[in-house]
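Notes for the structure review
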Amino acid sequence: QKRKMALAAQSRERAAKQAANAVKYSKDNPIHPLYLGHAMARNLAANTMLVSENFRASDHLMPFGYGDNDWSLVRTAGGSLGYGVGGAVGAQLGAPDRPVVLSIGDGGVMYSSAGFWSMARYSLPILTVVWNNMNYQTVRTNFAAWGGNMKDQNKYPETFLGDPAIDFVMLAKSQGIEGAHVNEPGELEAALKRGAAAQAA
């Protein structure tokens, strides 16, 4: 019992430090990933099932656990990409009474964006948060880790997702899903609250 209490205290202290660190970035533009993760944790519903296809996300800031109102995390055990949209559809069908949030990078969306149509067709109240850094960032990071010519030259061909930039709100809307761009950190919390309210409606 003594060890359990000590570990719980350490956990609370670590979480408080992480939250304080995230708040430091609350004014950054582009929106900082730590602040986005922190804002999601504070503004989305209790008992959320988070399907994450975002290997650089701030999942550690989110309230995962085993209590009745704690969040659950669904993610691949490997490093493959493309499962997120379909995984979220499956999670919502498997747990229709829980709020499901898809946390996904812009590159991940481009593997499987047709799944938005399935969300609309079957009226699945999945909230999708697209972390848009205009890159296949996981691919780019892996190339950098492996080294070689690309790392030496700091050039990663075919990983940039701009020119033209992809409008993910329009991409989803074309398949029956409503969305909103959030570019300013001051607009983030209100947008997340609107998303959570739409899920609950």
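These remarks concern the structure in this document. (Residues numbered from 1 in each chain as written. Predicted model: local features only at pLDDT ≥ 70, side-chain atom pairs only at ≥ 80, totals over all residues. Heavy atoms only, no water.)

**Points about the packing of helix H1 (residues 2-23) against helix H2 (residues 33-43)**
- Put simply, H1 and H2 touch, their axes get as near as 8 Å, and they point 120° apart. Judged on the interaxial angle alone, H2 and H1 are oblique. The handedness of the crossing between H1 and H2 is left-handed. In contact with Ala-19, Asn-21, Ala-22 and Val-23 of H1, H2 contributes Leu-34, Tyr-35 and His-38.
- For the contact of H1 with H2, the per-class residue count stands at five nonpolar, two polar and no charged. (Axes fitted to C-alpha atoms, helices over the stretch in contact; angles between N-to-C directions. Helix = DSSP H or I, 4+ residues; strand = E, 2+ residues; numbered from the N terminus. Parallel < 35°, antiparallel > 145°, perpendicular 65-115°, else oblique. Left-handed = near helix turned anticlockwise from the far one by under 90°. Contact = heavy atoms within 4.5 Å. Nonpolar A, V, L, I, M, F, W, Y, C, P; charged D, E, K, R; others polar.)

**What to know about the nonpolar core**
- Judged by nonpolar contacts, the single largest core of 18 residues is most densely connected at Val-51, Ala-88, Val-100, Leu-102, Phe-116, Met-119 and Ile-126.
- The leading source of residues in this core is helix H3 (residues 84-94), at four residues.
- Excluding anything up to four places from it in sequence, Ala-88 contacts Val-51, Val-100, Leu-102 and Ile-126.
- Membership of the second largest hydrophobic core comes to 17 residues, among which are Leu-36, Ala-41, Leu-50 and Ala-196. (Core = buried A, V, L, I, M, F, W, Y, C linked by side-chain atoms within 4.5 Å. Buried < 20%, exposed > 50% of the residue type's maximum accessible area, 1.4 Å probe, protein only.)

**Thoughts on the pairing of strand E4 (residues 127-131)**
- Here E4 shows one buried face, formed by Leu-127, Val-129 and Trp-131, and one open face, formed by Thr-128 and Val-130.
- Strand direction decides the pairing type here: strand E3 (residues 100-105) and E4, joined by five bridges, are parallel. Bridged to Gly-105 within E4 is Trp-131. (Pairing = 2+ DSSP bridges.)

**Considerations on the packing of aromatic side chains**
- Under the counting rule described, the total for this entry stands at three aromatic pairs.
- For the pair Tyr-111 and Tyr-136, a centre-to-centre distance of 5.8 Å together with 80° between the ring planes defines the contact as edge-to-face. With Tyr-111 in helix H4 (residues 106-112) and Tyr-136 in the loop between E4 and helix H6 (137-146), this residue pair connects regions lying 25 residues apart in the sequence.
- By relative accessible area, Tyr-111 is classed as partly exposed at 44%.
- Relative to Trp-146, the ring of Phe-143 has its centre 5.8 Å away and its plane inclined at 80°; by these criteria the two rings are edge-to-face. Placement of both Phe-143 and Trp-146 in helix H6 is noted, with a separation of three residues, approximately one turn of the helix. (Phe/Tyr/Trp six-rings, centres within 6.5 Å; stacked < 30°, edge-to-face > 60°.)

**Some details on the pairing of E3**
- Burial analysis of E3 places six of its six residues in the buried class, the great majority of the element.
- Where burial is concerned, the two faces of E3 agree: the one with Val-100, Leu-102 and Ile-104 and the one with Val-101, Ser-103 and Gly-105 are both buried.

**Topic: the sheet that holds strand E1 (residues 49-53)**
- The parallel open sheet is built from four strands, whose spatial order is E2-E1-E3-E4. If you trace the sheet from one side to the other, it starts and ends with strand E2 (72-74) and E4, each paired once. Strand after strand, the sheet turns through a mean of 20° between neighbouring axes, direction not considered.
- Alignment of E1 against E2, held across three bridges, turns out to be parallel. Bridge assignment links Val-51 to a residue of E2, and that residue is Val-74.
- Strands E1, E3 and E4 of the sheet are contacted by H2, whose axis makes an angle of about 170° with E4.
- Docked against the sheet, helix H9 (residues 188-200) engages E3 and E4, running at close to 150° with respect to E4.

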